[in-house]
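Each chain is listed here by its residues.
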Amino acid sequence: KILDKALSQSIAGQAIKTAATQSELANLEGQTQIATQQQERDVRLQQLAAEAEARRVQIKADSEKAQAEALAEAQRVRSDMEADTRRTQAQAEADAVRTKAQAEADAVKIQAEAVVSRAK
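Here the structure is a predicted model, which means the values were calculated and not measured.

A. Examining the overall build of the chain more closely. Helix and strand counts for the chain come out as one helix and zero strands. Its C-alpha atoms give the chain a radius of gyration of 51 Å, more than 25% over the compact-globule value 14 Å for 120 residues. Across its three principal axes, the chain shows a C-alpha extent of roughly 175 × 10 × 5 Å. Burial statistics for the chain: of 120 residues in total, 0% are counted as buried. Element-wise, carbon and sulfur atoms account for 59% of the exposed surface of the chain, whose accessible area totals about 10700 Å². Looking at the chain, you have 18 positive and 19 negative side-chain charges, and the mean spots of the two groups are 1 Å apart.

Laid out in structure tokens, this is it:
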């Protein structure tokens, strides 16, 4: 009976150790799963942060490009306007010189006709 009692206690002890080991293994598997899910979540958060930063940088670059294009267009319009102003001014000056020359020519012609008329 002692052997049976010792054997029974040994078996019970082994059963307790086996149950404890299985429980620890289950806990470790649960902890591993939790850690894996946490790492996957962290990776997703890092990816989202990287994508948000990339969008921010792209939006900033697009904004700076649009601003540069707007400034270039404004400069082009300003340059065109200045060129048109200079062209109009030059045309007005040329017209004034032409009108003055025509008036002087007409005055000389009238004087010549008057001289011819007096001479007759």
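B. Spatial organisation of the pattern of salt bridges. Applying the stated criterion across every chain, the model contains eight salt bridges. The shortest N-O distance in the salt bridge between R41 and D42 comes to 3.8 Å. A salt bridge links R56 to E53; its shortest N-O distance comes to 2.7 Å. Of this pair, R56 and E53 are both found in helix α1 (residues 2–119), three residues apart, which corresponds to roughly one turn of the helix. Overall, R56 belongs to the partly exposed group, its relative accessible area being 45%. Residues joined by salt bridges that share partners form a network here, namely E73, R76 and D80.

C. Highlighting the environment of A20. Its place among the elements puts A20 in helix α1. The partly exposed category is assigned to A20, whose relative accessible area is 42%. The spacing of A20 and V115 is 95 residues in sequence and 140 Å in space, taken between C-alpha atoms.

D. Geometry of the environment of Q67. Position of Q67 relative to the elements: it lies in helix α1. Each C-alpha atom of the pair Q67 and A92 lies 37 Å from the other, and the pair is 25 residues apart in sequence.

Quick notes on the rules
- Residues numbered from 1 in each chain as written.
- Predicted model: local features only at pLDDT ≥ 70, side-chain atom pairs only at ≥ 80, totals over all residues.
- Heavy atoms only, no water.
- Helix = DSSP H or I, 4+ residues; strand = E, 2+ residues; numbered from the N terminus.
- Rg over C-alpha atoms; globule rule 2.2 N^0.38 Å.
- Buried < 20%, exposed > 50% of the residue type's maximum accessible area, 1.4 Å probe, protein only.
- Areas by Shrake-Rupley, 256 points an atom, 1.4 Å probe, with all protein chains shown as cover.
- Lys, Arg positive; Asp, Glu negative; His and termini not counted.
- Charge placed at Lys NZ, Arg CZ, Asp CG, Glu CD.
- Salt bridge = Lys/Arg side-chain N within 4 Å of Asp/Glu carboxyl O.

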